[in-house]
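Reading the structure
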Amino acid sequence: MHYYRYSNAEVSCWYKYLLFSYNIVFWLAGAVFLGVGLWAWSEKGVLSDLTKVTRMHGIDPVVLVLIVGVVMFTLGFAGCVGALRENICLLNFFCGAIVLIFFLELAVAVLAFLFQDWVRDRFREFFESNIRSYRDDIDLQNLIDSLQKANQCCGAYGPEDWDLNVYFNCSGASYSREKCGVPFSCCVPDPAQKVVNTQCGYDVRIQLKSKWDESIFTKGCIQALEGWLPRNIYIVAGVFIAISLLQIFGIFLARTLISDIESVKAGHHF
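Please read all numbers here as calculations on a predicted model, not as lab measurements.

Here the focus is the UniProt feature "transmembrane region" (unreviewed entry) in the protein chain. Following the UniProt record, one finds the feature "transmembrane region" (unreviewed entry) at residues 20-41, 62-84, 90-115 and 233-254. Across residues 90-115, the secondary structure splits into 96% helix and 0% strand, with the terminal C-alpha atoms separated by 37 Å. In the segment residues 233-254, helix accounts for 100% and strand for 0%; the C-alpha atoms at its two ends are 32 Å apart.

Before going further, it helps to spend a moment on the state of the cysteines. On inspection of all chains with the given rule, the structure shows four disulfides. Each sulfur in the disulfide pair Cys153 and Cys221 lies 2.1 Å from the other. Given an S-S torsion of about 85°, the disulfide between Cys153 and Cys221 has right-handed geometry. Of this pair, Cys153 sits in the loop between helix H6 (138-151) and helix H7 (221-231) while Cys221 sits in helix H7, placing them 68 residues apart in sequence. Considered together, Cys153 and Cys221 belong to a single accessibility category, that of buried residues. In this model, Cys154 is linked to Cys186 through a disulfide, with the two sulfur atoms separated by 2.2 Å. Between Cys154 and Cys186, the S-S dihedral sits near 85°, and the bridge is therefore right-handed. Remark: Cys186 occurs in the loop between H6 and H7 and Cys154 occurs in the loop between H6 and H7; sequence separation between them is 32 residues.

One pass over the structure, following the stated rule, counts nine salt bridges. Note that Lys209 and Glu160 form a salt bridge whose closest N and O atoms lie 2.7 Å from each other. With Lys209 in the loop between H6 and H7 and Glu160 in the loop between H6 and H7, this pair connects stretches of sequence that are 49 residues apart. Where salt bridges share partners, they join Asp117, Arg120 and Glu226 into one cluster.

Cut-offs and rules
- The residue numbering used here restarts from 1 in each chain and proceeds along that chain's sequence as written.
- Local features are withheld for residues below a pLDDT of 70 in this predicted model, meaning they are given only at 70 or higher, and side-chain atom pairs are given and counted only at 80 or more; totals for whole chains, interfaces and linings count all residues.
- Excluding hydrogens and water, the side-chain values take into account all heavy atoms of the structure.
- UniProt positions are given in the numbering used here, feature names are shortened, and annotations may be inferred rather than shown by experiment.
- Helix and strand definitions here come from DSSP, where helices need a minimum of 4 consecutive H or I residues and strands a minimum of 2 consecutive E residues; each element is numbered from the N-terminal end.
- We call a pair of cysteine sulfur atoms a disulfide when they lie within 2.5 Å.
- Throughout this description, buried means an accessible area under 20% of the type-specific maximum (1.4 Å probe, protein chains only), exposed means over 50%, and partly exposed covers the range between.
- Should a side-chain nitrogen of Lys or Arg be within 4 Å of a carboxyl oxygen of Asp or Glu, the pair is scored as a salt bridge.

Below you can see the structure in the form of structure tokens.
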């Protein structure tokens, strides 16, 4: 069997369309994230008054959705168009961004392991800041409720952290009906109740502390998350490895395609 080298060398269609398929998923997913984020902001009236974003002291979860959407949409667009048009500039941008994200993830993981106390303090400040803004944004409220219900916890280090919120504060100056209470997500669920009792946390902290655990979770969410990580370390490691392999695969495809394009442009035949 004889093999022939043709003078009209071409870029490998295999790598080209594999990279395109790889990126089209992220491009479409990014568009979905952007659409959902913009829809959520329009429902809250943020699009008509962008200053509402700066008035909130806690974090708006929609901002995270939009950031993820912008990153995924931009990288997906660069990868798709770069692969189809064989544009080295866009492919280098895509490859460089993926490499940067990969090393940032690696750096965050290493630093989080080495400086656990610092991470714990930052998370406490973050959680307490969002407790103060619990009633300011419905998305933030749902996020905290989901976190507390999923981990069966209440507050950063315990139910007393809800004194940071003006509605749940126990001070005599408060006239809120939720005074000295906690959100319903702190309540121990009653299997007999089919409908969620959103008032189950009212006046709970007026009682003796020894009786709190009968009706609400007394463990803080920081301790709950610290206990959750060792129990699920293999799942966390598996997810991290899977994401890393996907990123490395994307980098490999992009670099291989760039190499092919450069070889063709340089007049190399293969």
